[in-house]
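Structural description and commentary
Given next are the chains, with one letter for each unit.
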Amino acid sequence: MRFRCPAIALLIAACVCAVPAHAASFCVSSVAGLANALAYYDISASSDETVTIRIVQGSYAVGGSLNRYYGGADANDDVNLKLLGGYTANCASRQPDPRNTVLDGNNVVNSGIGLKMHGTGSLLVEGLTFTRFTGSTGMVGIGTGLTVGEVLLIDKDFASESNDSVYEVRQSRFVRNGGQALVNMTGSLMRFVDNVVADNALSPLTSIGFSGAFVVTLDADVDAAVTLTNNTVTGTTGGPGVLIRTLITGDSGRTSEVTDNILWNNAGPDIVFTGTAEHVYPLLSSFNLYGNANANFPTSATDLHVDPRFVDAAGGNYRLASNSPAINRGAYVQVQGFPARDADGAARITGSRIDIGAYESAIDDTTTAIVTTTGDNGSDTAPLAGSLRAAIKTANAASGPFAIRFNISGGCPRLLTFAGPMLDVTGDVTIDGTTQPGWTPNTQFGQYNGNLCLYVNGGNTPWAFHVPSTAPAAARLVVRGLGFAGFNDAAIKLEGGRNHRIWGSQFGSIPLTVANRNGVRVTGNSGGAFIGGYDDEGAVNLFSGSSDAAIYLDNAAGGSTVANNVIGFQPDGVGNGGNASGVVAFNSKNNVLQYNAIGNSTSNAVVLSGAASSGNVVQYNTVGLDINGATAANTGAGVLINFAAKNNVVGAPLTATWGGNFIAGSTGPGVWISASGGSGNSVLDNAIRGSGGLDIDLGQAGASANQPTNPATGPNGLQNYPVLATARRSTAGGGTEIVSGNLTSAPNTTYRIDLQYGVTCSAPASGRGLAQYALMKSSVTTNAQGSAAFTVIVPFPLSAQLPLGRISATATDPSGSTSEIGNCVAEIPDDRLFENGFD
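Report on the accompanying structure. Note that the coordinates shown come from a computational prediction; the quantities given were computed from them, not determined experimentally. (Residues numbered from 1 in each chain as written. Predicted model: local features only at pLDDT ≥ 70, side-chain atom pairs only at ≥ 80, totals over all residues. Heavy atoms only, no water.)

1. A word on the overall build of the protein chain
Stated formally: The helix and strand labels rest on DSSP assignments: H or I over at least four residues marks a helix, E over at least two residues marks a strand, and numbering proceeds from the N terminus. Here the radius of gyration uses the C-alpha set of atoms, whereas the globule reference equals 2.2 Å times the residue count to the power 0.38. Residues count as neighbours in contact if any of their non-hydrogen atoms are within 4.5 Å of one another. Note that accessible areas follow from Shrake-Rupley with a 1.4 Å probe, and for residues the cover is restricted to the protein chains shown. Positive charges come from Lys and Arg alone, negative charges from Asp and Glu alone, with His and the N- and C-terminal ends not counted. Charge positions are represented by NZ for Lys, CZ for Arg, CG for Asp and CD for Glu.
Helices and strands together make up the secondary structure of the protein chain, namely four helices and 65 strands. Against the compact-globule benchmark of 28 Å for 839 residues, the protein chain has a radius of gyration of 27 Å, which places it among compact chains. C-alpha atoms of the protein chain, sized along the principal axes, occupy 75 × 70 × 50 Å. Intrachain contacts of the protein chain at a sequence separation of at least 6 include 76% that bridge at least 24 residues. Carbon together with sulfur atoms contributes 53% to the accessible area of the protein chain, which is approximately 27800 Å² in total. With 43 positive and 60 negative side-chain charges, the protein chain shows a spacing of 5 Å between the two charge centroids.

2. Description of the environment of Y534
Checked against the element boundaries, Y534 lands in the loop between strand 41 (529-532) and strand 42 (542-543). Along the primary structure Y534 and Y721 are separated by 187 residues, whereas in three dimensions their C-alpha atoms are 36 Å apart.

3. What to know about the state of the cysteines
Each disulfide consists of a covalent bond between the sulfur atoms of two cysteine residues. Under the convention used in this document: Two cysteine sulfur atoms make up a disulfide if the distance between them is within 2.5 Å. Relative accessible area decides the class of each residue, using a 1.4 Å probe on protein chains only: under 20% of the type maximum gives buried, over 50% gives exposed, and in between gives partly exposed.
Inspection of every chain in the model, using the stated rule, returns three disulfides. C412 shares a disulfide with C453; S-S distance 2.1 Å. Classification of the bridge connecting C412 and C453 rests on its S-S torsion, roughly -95°, and on that basis the disulfide is left-handed. You can see C412 sitting in the loop between strand 30 (402-406) and strand 31 (414-417) and its partner C453 sitting in the loop between strand 32 (428-432) and strand 33 (454-461), a full 41 residues away along the chain. Two residues, C761 and C824, share a disulfide whose sulfurs are 1.9 Å apart. The sign of the S-S torsion, about 100°, decides the handedness of the disulfide formed by C761 and C824: right-handed. Linking C761 in the loop between strand 61 (750-758) and strand 62 (773-781) with C824 in the loop between strand 64 (806-812) and strand 65 (825-829), this pair joins segments that are 63 residues apart in sequence. Classification of C761 by relative accessible area gives partly exposed; the value is 24%. Cysteine pairing for the protein chain, with bonded cysteines counted in sequence order: 1-2, 3-4, 5-6.

4. Focus on the nonpolar core
Applied cut-off: Take the buried residues of types Ala, Val, Leu, Ile, Met, Phe, Trp, Tyr and Cys, join any two whose side-chain atoms come within 4.5 Å, and each joined set is a nonpolar core.
Ranked by size, the top nonpolar core spans 68 residues in total, and within it L388, I404, I431, F465, F484 and I492 carry the most contacts. The residues contacting I492, other than those within four sequence positions of it, are F465, L477, V479, F484, I502, F507, G519, V520 and R521.

Have a look at this one:
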């Protein structure tokens, strides 16, 4: 799980932090020690602090001693909590296996644990077993009647709720418990991954009419979504295994994912989804094994409805027997990336595909070739025995999935040099450099500290690995743990096949080699590729020194995910390893760019270009800053949208306030929809600092005048910006900004208005504002003449911390077209500030 530093850090110092600034860590080996550590979180932790509770391996007879609603430092906001099992004595090391750290309720009546999170505070529970709890109906700190028989209650503070908070339970076991809603989660981004929920007995302990072994509630007020992947939920009596509740408060802008789960032999339906057409909670479901579901749950042709064949269900062993249909049958891609380990801590993925359920079998369905030499004779008809070329030739001839592994003598690193262009890949092939002795993984987001043992030197050949456009649709290339340099087309070029994955590899920044033109190119009729990963630091790729774009996406099908890559830096995440551009999508649609660090480009950092480039999403990226927060300027725009690219999202979706990017130090505009750009491109909720042009720019570079009406001819219909007249700040009630102004645009239309705070006005564009800190959105509706005079009041939670500055605004029409950033007006203190005699 990644913690994101608040946007305010861009104002106070040039930093984006990997974790919050304050931290408290506890190593506990007794029930009393655990209770004291939780009490610190409950009472003493300060805002923005991370509290890590490390639990030493053993069995803890907690009974009802933890039956409390631990409320997060008495309502201090933004406190993060990590509750982690698996530590050896004195927390010297860790083996995250829930079997070794057990919290035992001893069947004490009214036993459970409640965790309440505030603001953007995030939660991780990992590596623990919860057993013999009876479910709490009256936790200390919340009162009787407000709990519904939980073993583990995870809830948000409704007064300070945030749509950026992440609550995650992973690699844990909930076995032989009782209650009504055993694991009950309510929040914004919720993840339940690699857990075993087995042999639990549900009973109606309260009058509240829902129950389930795992219950999650989706609330549209925070655009809630759940990621439910690789769990085994089985043997529940008295009710359903999984209940996904949806509140009838509106629509969620996020998509939930239910993938690769075993939901079997539960007394109620194995899974229940209460979503209806009236209120939209998008849910993707695939590759699940279950017996039955309610009518609202979206089924998939990839689902299985057969006995999962556990090793010994009667004995509580829910690992997969050798003849299980769940082995090597999981999804090719998960939206949030595959888990790195299974429920026992074993590495995933063993075979050609991930196993369904919480456990990964040791069965490998791939045929394997071992590369034993760095040599290459350049012959595709009679390749050198033991060479990579020979292995690819064998892989292409295989009838099923094929894995290429390495065992080359001579220590680490080793250099593979090609005598000529390498054979195309036309099968389902995994090339795994992590198998070479001496390899170690990357361990930190934002840099690349892994120890690669194998580097491929192209010597100015076109590519290292190429899937041609003539490859069958089933062709698939997975590359892991290799370094690439010296390729004059792309180190990896994907023109055919689908479901490709590139992870844990290095492109460029290799001594005594020449640059790649592109690191990875997805083109032709290829399906999407997954480049990087999410929660696994070992999946991070490094792209450095490419003479063109580090990653170039121009396949018509689009659909690639580019996540958590380090682009434009040296391996330390600090030194300059600039590429010509970071990521370019040209006539490619529906690609997702998230959580990447992109800096030092000699042109634009991100480019969305071409009329077929639509539906692309650019969110949560750090553009123009290194791992330490120092400026790593891109020479051009942070994000450029041109040549009729349309309907793309940079930052938050149209109806939300999450997903913003940090964009700093661009020598051009922060985000530029150039004169050739299309319409429907939204630019919302980003934090932009130090741009050489407008922070948000339309048309020709520089400030453009408003049009007589909208839409006009030009990018985003030359959407007009709101002209602000006054801005008043109040610190009362947690802080508000009261802004008046006027918008002239299309008649009888409702527009989203986003207010932006800056310390000053823009230096490159006199009279315009800065988008250094995004305030809350509002909306206005124009009259029949296309005019809307407005006064809006939005929350300003940092009103007491930030000096009086300048306020500006953008307008976004219903199609998603965002205006330039508008005029800036100086804040004045609201009169209410002086009611108590301040002067």
